[in-house]
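An overview of the molecular structure
Letter by letter, the chains look like this.
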Amino acid sequence: LVAKAQEDYVLLQKEKEQKGFLAPIGQGALIFDEVKVTSKVHWHARSNRIVGLALSPADMSELHDIYDTLNTSVPTQRTTYVLQFLWRCLTSQFDVIGPYYTSSTSFSHKFLMSCVFATMHSFHLYDFKVAVLIGDGASSDLTSFKHLCGYKGAFLPTDHEHYIQPWFVNPYSGEKTHILICPSHQLKNMVAALYSSRKNGTKNFTNHGVNFGWKAIEDLYDRELQRAKFNVPVRVPRLKKRYVLRDAWTRLNVAPSKIMQVNNVLVKTQCSCNYFLCWLQATTCPGRAKRTPLETAG
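Residues numbered from 1 in each chain as written. Predicted model: local features only at pLDDT ≥ 70, side-chain atom pairs only at ≥ 80, totals over all residues. Heavy atoms only, no water.

On the secondary structure map, Gly137 appears in the loop between β6 (129-135) and α3 (140-149). Between the C-alpha atoms of Gly137 and Pro183, which are 46 residues apart in sequence, the distance is 9.7 Å. Once residues lying within four places of it in the same chain are set aside, the contact partners of Gly137 are Leu142, Phe145 and Ile181. (Helix = DSSP H or I, 4+ residues; strand = E, 2+ residues; numbered from the N terminus. Contact = heavy atoms within 4.5 Å.)

Here's what the structure looks like:
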């Protein structure tokens, strides 16, 4: 696959040059992610999306290389985790699906680093340079990043907290390969933590003595429903009920997390906090009559 991708990449470079554009330079980001193999996938034919779990491993012939028939006389174990790699060009929209590695247990940082270097070497043989290495930055990924950058066993930030070397020398090219924690994973982690602060949740957040959490998102959604009810344009059109009342599938999707970071959501949430603070100030100052938050905000 990598060899065939190199042929396509060379054709892309020639095509760009013929059209008068700068040709891609072969610098890319190597992205990897560890996923757990799940059987019984239910596919919605009309929307072309996975909507649940229904099939058995025997029905999924496409996964035959993963769910291979095991010989009970041989001490082998069925694949549970898959480590997938993808190379993405930084100067074009060219992607190369790299190799994948299987394991019966979660990947240790030692095995993970061996897979990373083996994959980097494979791409290096076909002139695909790895300028950036991207992972989710959790568990074994973070441990591997620390080893690669010379912070083995360190608790970051270190004593030199204003400077951390986020790169290592590529042993195959001699150039720097920078480390980047996947922004989408970080965003999902933050939104998941915020969702845990809902009623009967496991987390509680406080900033300067003011509690905040998922309740602000729920209130925002309720206000959007009221605006739609009275035919008033909504402020966050892409905010959906399933984004607020999350399920297992919503948590896997990055789109519900991204919607929480759009300007309208942040502005409306901030305005709601300002309304509450104005009301709190108005009702606690001596000599002022108590008013509701809406009256205080005018």
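Continuing now.
The interhelical angle for the contact between helix α2 (residues 109-125) and α3, taken along N-to-C directions, is 65°, at an axis separation of 9 Å. Regarding the angle of α2 to α3, the classification is roughly perpendicular. The interaxial crossing formed by α2 with α3 has right-handed handedness. Here His109, Leu112, Met113 and Phe117 of α2 lie close against α3, whose contacting residues are Ser140, Asp141, Thr143, Ser144, His147 and Leu148. For the contact of α2 with α3, the per-class residue count stands at four nonpolar, five polar and one charged. (Axes fitted to C-alpha atoms, helices over the stretch in contact; angles between N-to-C directions. Parallel < 35°, antiparallel > 145°, perpendicular 65-115°, else oblique. Left-handed = near helix turned anticlockwise from the far one by under 90°. Nonpolar A, V, L, I, M, F, W, Y, C, P; charged D, E, K, R; others polar.)

Let's shift gears to the packing of aromatic side chains. Evaluation of the coordinates by the stated rule reveals eleven aromatic pairs. An angle of 85° between the planes, with centres 5.8 Å apart, marks the rings of Phe85 and Tyr101 as edge-to-face. Highlighted residues: Phe85 in strand β4 (residues 81-89) and Tyr101 in strand β5 (residues 95-103), separated in sequence by 16 residues. Across the pair, Tyr101 and Phe85 agree in class, each one buried. Here Tyr195 and Trp214 contribute two aromatic rings whose centre-to-centre distance is 5.1 Å and whose plane-to-plane angle is 90°, an arrangement assigned as edge-to-face. (Phe/Tyr/Trp six-rings, centres within 6.5 Å; stacked < 30°, edge-to-face > 60°. Buried < 20%, exposed > 50% of the residue type's maximum accessible area, 1.4 Å probe, protein only.)

What the rule picks out here adds up to four salt bridges. A salt bridge links Asp8 to Lys4, with the nearest nitrogen and oxygen atoms 3.1 Å apart. Pair noted here: Asp8 and Lys4 are both in helix α1 (residues 2-18), with a separation of four residues, about one helical turn. The class of Asp8 is partly exposed, set by a relative accessible area of 31%. Given a relative accessible area of 46%, Lys4 falls into the partly exposed group. Between Lys215 and Asp219 there is a salt bridge, with the nearest N and O atoms lying 2.8 Å from each other. Of the two residues, Lys215 and Asp219 are both situated in helix α5 (residues 215-229); the distance of four residues between them amounts to about one turn of the helix. On the basis of relative accessibility, which here comes to 51%, the residue Lys215 falls in the exposed class. (Salt bridge = Lys/Arg side-chain N within 4 Å of Asp/Glu carboxyl O.)

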